[in-house]
Amino acid sequence: MTLATLADVLQPALKNGYAVAGLVTLGWEDMRAYVAAADAEGVPVILQAGPSCRAHTPLPILGKMFRHLADTASVPVVAHLDHGYTFEDCQEALDSGFTSLMYDGSQKPLSQNIDETGRIAELAHAAGISCEGEIGFVGYAEGATSKGTDPEEARKFAEATGVDAMAISVGNVHLQENKEGGLDEERIRAIEAVTDVPLVIHGGSGVPSAQRRKLATGSKICKFNIGTELRKVFGTALRNAVNRDPDRFDRVAILSDIHDPLVAATRVVLRDFGASKS
């Protein structure tokens with residue numbers, strides 16, 4: 001069994017100069033492909049259940065799915081709650097066998113974010129698992145605007161909460177479909193100068209590949225969350241599978257055609273982060 005906590009995979013990444021992919025899952029087909037890709041590359045992987053995933057499939061089921069995939073993998077697999085907004089979200093994920101809780105208090109006042117994230121970190125650590133928090137606010141393409149992370153607030157947040165990983169806002173945006181932007185490296189350097197906590201980039205799909213590779217191997221950014229980039233691959237493969245034979249109706253047969261393209265695309269993403277054996 002290769003079930004791991006977030007700290008299990010991020011501390012070696014911090015020490016040895018690489019990053020780990022936090023892959024946003026929506027169902028069995030994508031999470032299975034992600035683990036197959038990680039196995040092929042010989043790298044750890046973080047399977048993430050965010051709000052849209054949890055709206056579709058209950059947390060207890062997701063926990064069993066993640067843990068089953070970890071049982072069959074040859075690489076470390078983290079079962080991660082992404083964007084837990086309440087204590088109840090985090091407690092249910094813990095009870096469902098998750099090994100990492102991300103509490104998102106990023107839109108709350110700093111003192112409240114520290115207090116609530118610290119409570120989740122205590123909950124997680126008492127159970128022997130990990131906690132990720134967010135300081136600053138990572139916005140959404142066509143949605144809420146980001147608020148950049150203040151380095152001094154990041155220092156206070158990391159020290160006061162005891163989190164195992166800290167998500168920061170440095171030009172990254174959720175659900176961005178292109179790679180025309182880039183991260184604010186000056187702000188990243190200012191943040192990493194005041195903390196040794198592994199840093200996390202949400203909205204990693206919108207970061208140019210060259211910058212992902214540079215920061216994965218040359219900064220304290222140890223986790224890039226990737227969702228939209230691979231979601232688009234899934235959608236394209238699904239469209240092709242349906243259109244290839246309009247008379248085919250069996251969803252198992254249709255979905256089986258998505259596996260190989262998604263594994264191949266995921267392997268390309270994983271290689272950006274510097275840990276691949278390839």
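Because the structure is predicted, anything quoted here is derived from the model rather than measured. (Residues numbered from 1 in each chain as written. Predicted model: local features only at pLDDT ≥ 70, side-chain atom pairs only at ≥ 80, totals over all residues. Heavy atoms only, no water.)

It is worth spelling out the overall build of the chain at this point. From N to C terminus, the chain includes twelve helices and nine strands. Relative to the globule expectation of 19 Å for 278 residues, the C-alpha radius of gyration of the chain, 18 Å, shows essentially globular dimensions. Along the first, second and third principal axes, the C-alpha set of the chain runs to 60 × 40 × 35 Å. Expressed as a percentage of its 278 residues, the buried residues of the chain come to 53%. Across the chain, every contact between residues at least 6 apart in sequence was considered, and the portion connecting residues at least 24 apart equals 71%. (Helix = DSSP H or I, 4+ residues; strand = E, 2+ residues; numbered from the N terminus. Rg over C-alpha atoms; globule rule 2.2 N^0.38 Å. Buried < 20%, exposed > 50% of the residue type's maximum accessible area, 1.4 Å probe, protein only. Contact = heavy atoms within 4.5 Å.)

One non-glycine residue, His-83, lies in the positive phi region at around 55 degrees. Tracing the chain through its elements places His-83 in strand 4 (residues 77-84).

Here strand 9 (residues 221-226) lies mainly inside the structure; six of its six residues are buried. Where strand 2 (residues 20-25) and strand 9 come together, four bridges link them in parallel fashion. In the strand pairing of strand 9, Leu-23 is matched with Ile-226. The sheet contact formed by strand 8 (residues 199-201) and strand 9 spans three bridges and is parallel. Across the sheet, the residue bridging to Val-200 is Lys-223, located in strand 9. At this point the chain moves from strand 8, through helix 9 (residues 209-218), to the parallel strand 9, and the crossover so formed is right-handed. (Pairing = 2+ DSSP bridges. Right-handed = clockwise from strand over helix to strand, strands pointing away.)

Moving on: helix 4 (residues 59-72). Relative to the 20 Å expected for 14 residues at 1.5 Å per residue, helix 4 spans 20 Å between its end C-alpha atoms, a close match to the ideal helical length. Where helix 4 is concerned, the buried positions are Leu-59, Leu-62, Gly-63, Met-65, Phe-66, Leu-69 and Ala-70. Projection of helix 4 onto a plane perpendicular to its axis shows the buried side chains occupying an angular sector of 165 degrees, all on one side. Exposed and facing more than 90 degrees away from the buried side of helix 4 are Lys-64 and Thr-72. (Expected span 1.5 Å × (residues − 1). Arc of directions from axis to C-beta.)

Counted under the stated rule, the structure contains one cavity of 30 Å³ or more. Each pocket or cavity is described by its volume, and for the largest cavity that value is around 40 Å³. Contributing to the lining of the largest cavity are Ala-19, Val-20, Ala-21, Val-43, Pro-44, Leu-270, Phe-273 and Ala-275. Residue classes in the lining of the largest cavity are distributed as eight nonpolar, no polar and no charged. (1 Å grid on protein atoms, 1.4 Å probe; cavity = no way out; pocket = protein on both sides within 12 Å on 5 of 7 lines; lining within 4 Å. Points joined across faces, edges and corners; volume = space filled by probe spheres on them. Nonpolar A, V, L, I, M, F, W, Y, C, P; charged D, E, K, R; others polar.)

Take the packing of helix 6 (residues 110-126) against helix 7 (residues 151-161) next. Two elements in contact, helix 6 and helix 7, have axes whose closest approach is 9 Å; the angle formed by their N-to-C orientations is 30 degrees. For the pair helix 6 and helix 7, the sense of crossing is right-handed. In this structure, helix 6 uses Leu-110, Asn-113, Ile-114, Thr-117, Gly-118 and Ala-121 to contact helix 7, whose residues at the interface are Glu-153, Lys-156, Phe-157, Ala-160 and Thr-161. Each residue belonging to the contact of helix 6 with helix 7 can be placed in one class, and the counts come to five nonpolar, four polar and two charged. (Axes fitted to C-alpha atoms, helices over the stretch in contact; angles between N-to-C directions. Left-handed = near helix turned anticlockwise from the far one by under 90°.)

The next subject is the nonpolar core. Membership of the largest hydrophobic core comes to 68 residues, with the highest contact counts inside it found for Phe-98, Leu-101, Met-166 and Phe-224. Those residues in contact with Phe-98 that sit more than four places away from it in its chain are Ala-49, Leu-59, Leu-62, Gly-63, Phe-66, Ala-79, His-80, Leu-81, Ala-93 and Ile-129. If you look at the next biggest cluster of nonpolar residues, it comprises 13 residues, including Ala-4, Leu-10, Ile-46 and Ala-167. (Core = buried A, V, L, I, M, F, W, Y, C linked by side-chain atoms within 4.5 Å.)

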